[in-house]
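# Working through the structure, step by step
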Amino acid sequence: MRNVLLIAFYFNQTNEVASKRLRGLAKYLPEFGWNPIIIVPKLNNTPHNIDNSNFKVIETEYEDMLDKWLKKLNISLNVNEEKNSNISNPPISKNNQFLSSLISTAGEVFAYPDGMKYWHDPAIEIAKETIEINNIEAIISSSWPITSHVIAKDLKKLYDIPWVADLRDLWNLNPYINHTFIRNYFEKKLEIETFKYADVLTTTTDLAAMTLKKLHPNKKIYSILSGFDPEELKSNHTKNNLKNKSNSSDKLNFVYTGLLYGGKRDPTFLFESIKQLIIERKINPNLISLDFYGDNDGLEKIAKNYHVNTILNLHGSIPNEEVLKKQRESQVLLLLSWNNKKENMFLPGKIYEYLAAQRPILSIGYKEGSLKNLIEDTGVGFHVSTLNQTKETILKIYNNFIENGYVKYKANNNLNDYTLLSTAGKFGKLLNLLTKKRIYE
């Protein structure tokens, strides 16, 4: 078994989308001949000393940049630690608006390349010791945060070990990140300088890889999708015996789990379609329910505007295990994404939970891109982008439900390409290729 060092800020947070790709990678890499040793920061409110025979986790000391400077200024604020990664927009209470504005402005200068920059030194020290003791043959770093790549770059310069830089989200080419002109200039310069030392860049979709190639035309760039844990699939079969007929129900329930991101994940096509179908007497409102778990801000008001509030059930936030159970028990899983071209390269992490649940998916979002391709490739459901498409699809789903008493699930064998086992296998092959080349040089 050969050793690979994984630099991963987000790892111990078991329910975070960012952690799932990395934990799956660590879990399944040994099946492909690689023993992962993971360097992580010691964070509050996350488990320590995770017991897993497949991999070893080494925690380092860590102090967040915002906390560090607030202590120096002797300022006490109620800051949500989970959101500190975006220090340019820290969540400060209304009583500190001026200070919030000041910190946001300062963040453009001091949070460079990110608010986790002070993890660099303790991570480097632990990583050096780990490399020298464990005969590390390769390094994988994963962002966000960018500091993970800066750490890996410095280790690469010290030890000349093959390095794979994995971008779960793009750096400068991420359409959702906005900085000042000056910050953008230095960020772009830093990205080019940092990845100059990387042997390979990886990202999570083909379209993201094509976009990344524009900034790094001479780099080897591979698309390696994330996925769901195949053990979840087996577990779901055991828990629910997920055959179609076991989901027979009195109502056709559409289940949405997650955030709405201030309206960017827009339910209006869903609501308007159902309203029209009810008016046209093509569906019976007594046989339909819309169940939303998680972010419900403003949803009831929107539903009232479309006269579907009587079939809307707002459940609020519930524990993750309960969320997964509700997904498995649904007739149809609802996936809302921003109907904007910026979305075409992204795959929301929620899609992998939905794949594991093995229930039909109705996705409403941009007309083309990675999400549509995945749904069509696996046959797990429908992707629509217009009101007419949404209306036609809902009627089709409704008729299927009326005829059978449940909505049939029709995924194909391509589903196996979207597991974390597949993700780890592709990384394993890449590591083998890089280290084999090194042997012959």
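As shown above, the structure is provided for reference.
We now turn to the structure provided with this report. (Residues numbered from 1 in each chain as written. Predicted model: local features only at pLDDT ≥ 70, side-chain atom pairs only at ≥ 80, totals over all residues. Heavy atoms only, no water.)

## Side note on empty space enclosed by the protein
Stated precisely, the cut-off is as follows: Using only the protein atoms, space was sampled on a 1 Å grid; points where a 1.4 Å probe fits but cannot get out form cavities, open sets with protein on both sides within 12 Å along at least five of seven lines form pockets, and lining residues are those with an atom within 4 Å of a point. Grid points are joined across faces, edges and corners, and a volume is the space filled by probe spheres set on the points. By definition, any uninterrupted DSSP run of H or I lasting at least four residues is a helix, any uninterrupted run of E lasting at least two residues is a strand, and each is numbered from the N terminus. Under the grouping applied here, Gly and all other residues not named as nonpolar or charged are polar, the nonpolar ones being Ala, Val, Leu, Ile, Met, Phe, Trp, Tyr, Cys and Pro and the charged ones Asp, Glu, Lys and Arg.
Within the structure shown, the criterion is met by two cavities of 30 Å³ or more. Empty space within the largest cavity amounts to approximately 70 Å³. The wall of the largest cavity is formed by Ser337, Glu343, Asn344, Phe346, Pro348, Tyr366, Glu368, Gly369, Ser370, Leu371, Lys372 and His383. Looking at which element gives the most residues to the lining of the largest cavity, the answer is helix α13 (residues 370-378), with three residues. Across the lining of the largest cavity, the residue classes tally to four nonpolar, five polar and three charged. Approximately 40 Å³ is the volume found for the second largest cavity. In terms of lining residues, the second largest cavity is bounded by Leu167, Arg168, Asp169, Leu170, Thr203, Thr204, Ala208, Met345 and Phe346.

## Notes on the packing of aromatic side chains
Aromatic ring pairs: the centre-centre distance and the angle between the two ring planes describe each pair. Inclusion rule: Ring geometry is summarised as follows: Phe, Tyr and Trp rings, the Trp one being its six-membered ring, pair when their centres sit within 6.5 Å, and such pairs are stacked at plane angles under 30 degrees, edge-to-face over 60 and tilted between the two. Under the scheme applied here, a residue whose accessible area is under 20% of the maximum for its type counts as buried, over 50% as exposed, and between as partly exposed, the area being computed with a 1.4 Å probe on protein chains only.
Taken as a whole and judged by the stated rule, the model has nine aromatic pairs. An angle of 80° between the planes, with centres 5.6 Å apart, marks the rings of Trp171 and Phe195 as edge-to-face. One end of the pair, Trp171, is in the loop between β5 (163-167) and α6 (181-195); the other, Phe195, is in helix α6, with 24 residues separating them in the sequence. In terms of burial, Trp171 and Phe195 fall into one category: buried.

## Notes on the pairing of strand β6 (residues 200-203)
The criterion, for reference: Any two strands between which DSSP finds at least two bridges are classified as paired.
Burial along β6 is two-sided: Val200 and Thr202 and Leu201 and Thr203, pointing in opposite directions, are all buried. In terms of strand pairing, β5 meets β6 through four bridges, oriented parallel. Each residue of the ladder has a partner; that of Asp166, found in β6, is Thr202. Here β6 runs beside strand β7 (residues 221-223); their pairing, made up of three bridges, is parallel. Following the sheet pairing, Thr203 is matched in β7 by Ser223.

## Some words on unusual backbone geometry
That bond from Ser143 to Trp144 is cis: its omega, 20°, falls within 30 degrees of zero. A cis amide bond, omega 5°, links Trp144 with the succeeding residue Pro145. Checked against the element boundaries, Pro145 lands in the loop between β4 (136-143) and α5 (147-159). Here Asn135, not a glycine, exhibits a phi torsion of approximately 50°, which is positive. Residue position: Asn135 is located in the loop between α4 (120-134) and β4. Phi at Arg281 is positive, roughly 60°, even though this residue is not glycine. Tracing the sequence through the fold places Arg281 in the loop between α9 (268-279) and β9 (288-294). Overall, Arg281 belongs to the exposed group, its relative accessible area being 77%.

## A word on helix α1 (residues 17-28)
The following threshold applies: Here the expected span of a helix is defined as 1.5 Å times the quantity of residues minus one.
Given a rise of 1.5 Å per residue, 12 residues ought to cover 16 Å, and the 17 Å separating the end C-alpha atoms of α1 matches this to within 8%. Taking burial as the measure, the 12 residues of α1 include nine buried ones, the bulk of the element. Taken residue by residue, α1 has Ala18, Ser19, Arg21, Leu22, Gly24, Leu25, Ala26, Lys27 and Tyr28 as its buried positions.

## With respect to the sheet that holds β7
Going by this rule: Every axis in this analysis is a line fitted to C-alpha atoms, fitted for helices over the stretch in contact. Angles between the N-to-C directions lie between 0 and 180 degrees. Should any heavy atoms of two residues lie within 4.5 Å, those residues are considered in contact.
Strands sit in the order β3-β2-β1-β4-β5-β6-β7 across an open sheet of seven strands; the sheet is parallel. Edge positions in the open sheet fall to β3 (56-60) and β7, since each of these has one partner strand only. Between one strand and the next, the sheet's axes are offset by a mean angle of 25°, whatever the strand orientation. As judged from the six bridges shared by strand β1 (residues 2-8) and β4, these two strands associate in the parallel manner. Looking at the pairing, Asn3 lines up with Ile136 of β4. Contacting β1, β2 (34-41), β4, β5 and β6, α1 runs over the sheet at an angle of about 170° to β1. Docked against the sheet, helix α7 (residues 206-215) engages β5, β6 and β7, running at close to 165° with respect to β7.

## Notes on the environment of Pro36
Structurally, Pro36 can be placed in strand β2. A relative accessible area of 1% means that Pro36 is categorised as buried. Considered as a pair, Pro36 and Ala26 are 10 residues apart in the sequence and their alpha carbons are 5.8 Å apart.

That's the geometry; what it means functionally is another story.
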